Amino acid sequence: MIKRIHVALPAFVALCVHAVVVPAAAAGPQSGALEGTRHIYISAVDKKGTPVTDLSDGEVTIQEDGVSREIVGVQRAAAPLTIALLVDDTGPGLRFIREGVGGFIQRLGGRGQIALVSTGGRNSVLVDFTDRVDTLYQGVRQLLTRTTSGAYLLDGIRGAINALNAHEPERPVIVVLTLEGPEFSSIRADRLLDELHASRAVLHVVSLGKPTLKTMTGWNEMPSQSLKENLDENINRKKFLEDGSRQSGGTLQQVLVDSGIPSAMTGLAEDLASQYVVVYRRPEGPPAPRKMTVSVKRSGIKVRARADPPGAAK
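Given the structure is predicted, the values throughout are model-derived calculations rather than measurements.

Reading guide: rules and limits
- For every chain, the first residue of the written sequence is number 1, and numbering continues from 1 along that sequence.
- Reporting in this predicted model follows two pLDDT cut-offs: at least 70 for local features of residues, and 80 or more for side-chain atom pairs to be given and counted; totals over whole chains, interfaces and linings ignore these cut-offs and use all residues.
- Note: side-chain values were computed over all heavy atoms of the structure, leaving out hydrogens and water.
- The pairing criterion for strands is at least two bridges between them, as found by DSSP.
- Every helix listed is a DSSP run of H or I at least four residues long, and every strand listed is a run of E at least two residues long, numbered separately from the N terminus.
- Working convention: axes come from line fits to C-alpha atoms, limited for helices to the stretch in contact. Angles between N-to-C directions cover 0 to 180 degrees.
- Angle categories: roughly parallel below 35 degrees, roughly antiparallel above 145, roughly perpendicular from 65 to 115, and oblique for all the rest.
- We call a crossing left-handed when the near helix sits turned anticlockwise from the far one by less than a right angle, and right-handed when that turn is clockwise.
- Residue contacts are defined here by distance: any two heavy atoms, one from each residue, within 4.5 Å place the two residues in contact.
- What makes a nonpolar core is a set of buried Ala, Val, Leu, Ile, Met, Phe, Trp, Tyr and Cys residues whose side-chain atoms join them at distances within 4.5 Å.
- Think of it in three bands: with a 1.4 Å probe and only protein chains considered, a residue is buried below 20% of the maximum accessible area for its type, exposed above 50%, and partly exposed in between.
- Salt bridges are counted wherever a side-chain nitrogen of Lys or Arg sits within 4 Å of a carboxyl oxygen of Asp or Glu.
- Centres within 6.5 Å make a pair out of two Phe, Tyr or Trp rings, where for Trp the six-membered ring is used; the pair is then stacked when the planes are under 30 degrees apart, edge-to-face when over 60, and tilted otherwise.
- Our definition puts a charge over a ring when NZ of Lys or CZ of Arg is within 6 Å of the ring centre and also within 35 degrees of the ring normal.
- Note that the arc is defined by the directions from the helix axis to the C-beta atoms.
- Three categories are distinguished: nonpolar for Ala, Val, Leu, Ile, Met, Phe, Trp, Tyr, Cys and Pro, charged for Asp, Glu, Lys and Arg, and polar for the others, with Gly belonging to the last.

What follows deals with the pairing of strand S9 (residues 124-130). With four bridges joining them, strand S8 (residues 112-118) and S9 adopt antiparallel strand pairing. Looking at the pairing, Ile-114 lines up with Thr-130 of S9.

Here it is in structure tokens:
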């Protein structure tokens with residue numbers, strides 16, 4: 001039996017089983033897309049979080065405002081990824097950070113372009129977008145403990161959004177590996193969320209440490225500092241990372257110990273490498289629907305997706 005969750009929100013798309021809601025955003029077609037069709041990218045995982053690699057056309061259904069659409073095909077996504085990889089090297093765990101970033105790059109080698117950015121202290125582009133794995137490994141070796149005072153992560157994410165926009169990629173992705181600690185950016189979460197949505201980028205976050213609350217300290221802070229300094233900025237960052245990853249169809253993983261970073265990063269790379277593109281038909285003429293429901297018939301599968309706007313021409 002197909003389970004459905006319907007969420008009626010203007011210009012938003014509902015996806016299920018285990019639905020997520022993501023903002024509609026314009027996108028170019030997958031290479032070879034048929035005229036008169038539209039497409040969405042989906043990630044499908046089982047109960048253990050392992051990517052499902054054998055979805056078939058007959059297992060996926062799409063409805064727009066309750067009207068079923070013809071599925072043209074469900075296939076492994078072939079369009080290249082364009083990934084801005086932001087890495088926080090402000091504190092402990094540098095060995096595991098390098099190992100995790102290296103494993104991520106190795107798994108996705110040949111599947112697109114990756115840019116590597118250090119967000120330790122002021123943001124620094126270590127490697128611009130490239131598909132050369134050896135060049136990216138050189139950038140990994142440049143990850144250093146640059147400062148222990150904090151980061152300008154949201155500034156770095158804005159820079160990544162602008163860089164992705166300049167490339168006009170088909171599958172834009174922002175991956176953030178960050179530490180719980182002081183945030184010095186002054187960008188407001190709601191404004192940056194709007195920029196993320198407009199960029200069509202999917203945000204994935206791996207965060208090391210316990211979530212920072214008003215009464216909690218970063219790894220290198222005294223309790224008095226945590227109560228007096230950077231509270232608004234830290235809460236603002238937390239809101240953006242949580243809402244941005246959820247609304248864009250991405251993920252947020254909380255890793256409590258640094259030794260867990262490599263498995264989190266390689267698991268994320270496996271997820272990106274295992275995505276599907278679902279191509280479906282929609283007749284020309286009707287106004288853009290307010291709600292899309294994507295369902296998977298097989299039980300126990302969770303689906304995440306970034307959807308293209310149903311009303312956009314392909």
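Below, the discussion takes up the packing of helix H1 (residues 94-108) against helix H7 (residues 261-273). For the pair H1 and H7, the least separation of the axes is 8 Å and the interaxial angle reads 15 degrees. One element, H1, and the other, H7, form an angle in the roughly parallel class. Of the two elements, H1 crosses H7, and the hand of that crossing is right-handed. Contact residues: Phe-96, Ile-97, Glu-99, Gly-100, Gly-103, Phe-104, Arg-107 and Leu-108 in H1; Ile-261, Pro-262, Met-265, Thr-266, Leu-268, Ala-269, Glu-270, Leu-272 and Ala-273 in H7.

In this section: the nonpolar core. Ranked by internal contacts, the top residues of the largest apolar core, which has 32 residues, are Ile-83, Leu-85, Val-101, Phe-104 and Leu-108. Looking at this core, the elements with two or more residues in it are strand S7 (81-87), H1, S8, S9, helix H2 (133-141), strand S10 (171-179), strand S11 (202-208) and H7. What Leu-108 contacts, discounting residues up to four positions off in sequence, is Leu-81, Ile-83, Ile-114, Ala-269, Leu-272 and Ala-273. Counting 23 residues, the second largest nonpolar core, distinct from the first, contains Phe-129, Ile-161, Leu-192 and Val-205.

Turning to the pattern of salt bridges, a few remarks are in order. As enumerated under the stated definition, the model contains 13 salt bridges in all. Between Arg-282 and Glu-64 there is a salt bridge, and its shortest N-O distance comes to 2.8 Å. Taken together, the residues span a long stretch of sequence, with Arg-282 in the loop between strand S13 (276-281) and strand S14 (292-296) and Glu-64 in strand S4 (residues 60-64) at a distance of 218 residues. No difference in accessibility class separates Arg-282 from Glu-64, as the two residues are buried.

Glancing now at the packing of aromatic side chains. Overall, the coordinates contain one aromatic pair when judged by the stated rule. Note on Tyr-152 and Phe-184: the rings are 5.5 Å apart at their centroids and 55 degrees apart in plane angle, and the pair reads as tilted. In this pair, Tyr-152 is assigned in the loop between H2 and helix H3 (153-167) and Phe-184 in the loop between S10 and helix H4 (189-199), connecting sequence segments 32 residues apart. Sitting over the ring of Tyr-152, Arg-122 keeps its end group 4.0 Å from the ring centre.

What follows covers H2. Among the residues of H2, Leu-136, Gly-139 and Val-140 are the ones counted as buried. An end-on view of H2 places all buried positions within 105 degrees of arc, on one side of the element. Next to the buried residues of H2 lie H1, S8 and S9.

Another aspect to go through is the packing of H3 against H4. Closest axis-to-axis distance for the H3/H4 pair is 10 Å, and the angle between their directions is 25 degrees. Considered as vectors, H3 and H4 are oriented roughly parallel to each other. Along this stretch, H3 crosses H4, giving a crossing that reads as left-handed. The residues of H4 that touch H3, namely those facing Leu-154, Ile-157, Arg-158, Ile-161 and Asn-165, are Arg-191, Leu-192, Glu-195, Leu-196 and Ser-199. Partitioning the contact of H3 with H4 into residue classes produces five nonpolar, two polar and three charged.

This part is about the sheet that holds S8. Spatially, the six strands line up as an open sheet ordered S9-S8-S7-S10-S11-S12, and their pairing is mixed. The open sheet terminates on both sides in strands that have one partner only, identified here as S9 and strand S12 (252-255). In this sheet, neighbouring strand axes are inclined to one another by 10 degrees on average, regardless of whether the strands run parallel or antiparallel. Relative to S10, S7 runs parallel, the two sharing seven bridges. Bridging from a neighbouring strand, Leu-81 pairs with Arg-171 of S10. Relative to S10, H3 is tilted by about 165 degrees, and along the sheet it contacts S7, S8, S9 and S10. Each of S7, S10, S11 and S12 touches H7; the most contacted strand, S10, lies at about 170 degrees to it.

What follows covers unusual backbone geometry. Despite not being glycine, Asp-65 shows a phi value in the positive range, around 50 degrees. Within the fold, Asp-65 resides in the loop between S4 and strand S5 (67-69). Look at Arg-200: it is not a glycine, yet its phi comes out positive at around 70 degrees.

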